[in-house]
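Commentary on secondary and tertiary structure
Each chain, letter by letter, is given below.
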Amino acid sequence: MASDLGDLYQEVILDHNRQPRNFGDLPGANRRAEGFNPLCGDRVTVSLTLEGDVLKDIRFQGSGCAISKASASMMTETMKGRTRAQAERLFQEFHRLLTEDSGAPDAASLGKLVVFSGVREFPIRVKCATLAWHTLRAALDSAHGIASTE
Amino acid sequence: MTRPGDLLAAAPARKAPAAFDVERVRADFPILRQTVFGKPLVYLDNAATAQKPRAVIDTLTRFYEVDNANIHRGLHQLSERSTAAYEETRAKVRRFLNAAEDREIVFVRGTTEAINLAASSYARPHVGRDDEVLITTMEHHSNIVPWQMLCEEKGARLRVAPINDDGELLLDEFEALLGPRTRIVSVAHVSNALGTVNPIRRIVEMAHRRNIPVLVDGAQAAPHLKIDVRDLDCDFYTLSGHKLFGPTGIGVLYGKAALLEAMPPYQGGGDMIASVTFEKTIYNRLPHKFEAGTPHIAGVIGLGAAIDYLESIDPEGRAAHEQALLEHATRRLAELPRLRIVGRAKEKTGVLSFVIEGIHPHDIGTILDREGIAIRAGHHCAQPLMDRFGVPATARASFALYNTREEVGALESGIRKVLGVFR
Ligand SMILES: Cc1ncc(COP(=O)(O)O)c(C=O)c1O
């Protein structure tokens, strides 16, 4: 496999694509948003239970490419138990990781999410990797939101 | 599959074209000579837009370097030349479609605008509350949304004729949907997502028996099939120049003269008028009534060059080549594990839509791209069709006259690579 393809489709990503974590509906969720990527028609729903300021639980549903599914899956793992402020910081850092050549200045805090740095070489796939993240943001911002990558 | 004899059967009797030779054809398309990520470009996204032959590129350059002027309004030499070239192209398109008269050819931006024009100027006055517009499951969004908008405005109903699992229109069900309230039928000649060729002549017969006019979306048919609007007897026919090896931003609406005559203008402005006072405007005659404003003059002339180019190629050899390529690709891909071809109509042009179990089309597209292979991955502007097949998207390889068996081989090994990544 060409090395940039290898960087994109890392084993962790393929694994989350095959077996997404926190996949399905979340009964009792008090925040929910649907995300839509008009480029490919992919949809994702992110549901969460927000207790005070803390994301107690989070799940996602939908169909998408390996990048969007793995990103959603790993996002839910990372977000569980975080505060809103922490979630927003992670969003910013994750976005920088995907779009800035120097990578995220605080990549360490992203933990295993750094496997997505390979997406940088595939600019049209950045939207795939961020769809669930935009959707999470929409869910946090309103009781019923709809997010779009556009 | 379409019989080769049906395809491009009769070219205009100019100089007899040389026997079809795909390598000679490829040499006419400068863009094909490049490498992408170090691999020779394999361009299999022709249904999205086709590449342009040198003749079209040179015609555009020549127009801007030598003849450029506005049309229908200058007395000077350049205007005379560009007006003549513009109107000669109208005659060329008329011959290409075998329409009866030049004034039945209206230049528009593309199929999208052509359908919107017909929906707005023809259908709007004819469609009322509880009336119906009939389309099919396999339509492109541009042949769904304009009708939906009209139906919403009028309180009318959009009816949709179903297809079978091979992607073929169910003609009996289609006919059953033709009712006393049906005001227009609008169908694709060839489906962009499946390659299915629809039986337009029979569709038109069924509709005309009930005095219902038929619009045919020919965006995907014109690059592959011989089009004869009088033989089809359709009332409107549309095409997009960019899919026909011509420039983007130019297309054609063919309409029967009697229908076009009776229709109000689509847009107001210059060129579409005969005289204007603040009290009253007299509209220009056909086709200018529908060509308000300065048109895409270079685009029209480039489209003419594309038609000349196509007609310089042996039509039977070309059709046989395209059909053999599709059959070859279908056989090769059908043998790959986990791969399912979506759209197995008996009559097809060069479109191969497929899904691979457990692999999203986007990932297929990205990996093929790194092999220099351009395909389309997505819903192909046909979301209701994707729903019909229960898939969010497909990968689509679409062929043109310049594609080769070697390129099908590259596609096959590219897909094997995809299967390797997603074991
Ligand atoms: C069947 C069909 N109809 C309509 C269109 C719209 O054509 P255009 O975008 O050129 O207006 C397309 C183009 O993708 C098509 O394939």
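Definitions and cut-offs
- Residues numbered from 1 in each chain as written.
- Chains lettered and ligands numbered in written order.
- Predicted model: local features only at pLDDT ≥ 70, side-chain atom pairs only at ≥ 80, totals over all residues.
- Heavy atoms only, no water.
- Domains from an automatic or database assignment.
- Contact = heavy atoms within 4.5 Å.
- Buried area = accessible area lost by both parts, 1.4 Å probe.
- Salt bridge = Lys/Arg side-chain N within 4 Å of Asp/Glu carboxyl O.
- Polar contact = N/O pair within 3.5 Å; in protein donor to acceptor, adjacent residues only side chain to side chain.
- Nonpolar A, V, L, I, M, F, W, Y, C, P; charged D, E, K, R; others polar.
- Helix = DSSP H or I, 4+ residues; strand = E, 2+ residues; numbered from the N terminus.

The subject of this paragraph is the domain arrangement of chain B. Residues and elements named next belong to chain B. For chain B, the domain assignment lists domain 1 (6–33 + 314–421) and domain 2 (57–311). Look at where the C-alpha atoms of domain 1 and domain 2 centre, and you get two points 26 Å apart. Counting from both sides, the interface comprises 39 residues of domain 1 and, opposite them, 31 residues of domain 2. Summed over both partners, the interface of domain 1 with domain 2 buries about 2,900 Å², with 55% contributed by carbon and sulfur atoms. Along the contact surface separating domain 1 from domain 2 lie 2 salt bridges. Residue Lys-346 is joined to Glu-168 by a salt bridge in which the shortest nitrogen-to-oxygen separation is 3.3 Å.

It is worth spelling out the interface of chain B and chain A at this point. Tallying the contact residues gives 13 residues for chain B and 22 residues for chain A. At the boundary of chain B with chain A, total buried surface from both sides reaches about 1,400 Å², with 57% on carbon and sulfur atoms. Three residues, His362(B), Arg370(B) and Val421(B), lead the burial of chain B against chain A; their summed loss comes to 37% of the area buried on that side. At the surface where chain B touches chain A, the tally comes to 2 salt bridges. Notably, a salt bridge pairs Asp4(A) with Arg370(B), separated by 2.4 Å at the nearest N-O pair. Our count for the contact surface shared by chain B and chain A stands at 8 residue pairs in polar contact (both at pLDDT 80 or more). Here the side of chain B that touches chain A is built from residues that sort into 4 nonpolar, 6 polar and 3 charged.

Look at the link from Leu286(B) to Pro287(B): it is a cis peptide, with omega at -5°. Considering the arrangement of structural elements, one finds Pro287(B) in the loop between strand E12 (281–283) and helix H10 (297–311). Residue Asn22(A) is not a glycine yet carries a positive backbone phi of 50°. Tracing the sequence through the fold places Asn22(A) in the loop between helix H2 (11–18) and strand E1 (31–37). The residue Cys381(B) is not glycine, and still its phi comes out positive at about 55°. You can see Cys381(B) is positioned in the loop between strand E16 (376–378) and helix H13 (383–388).

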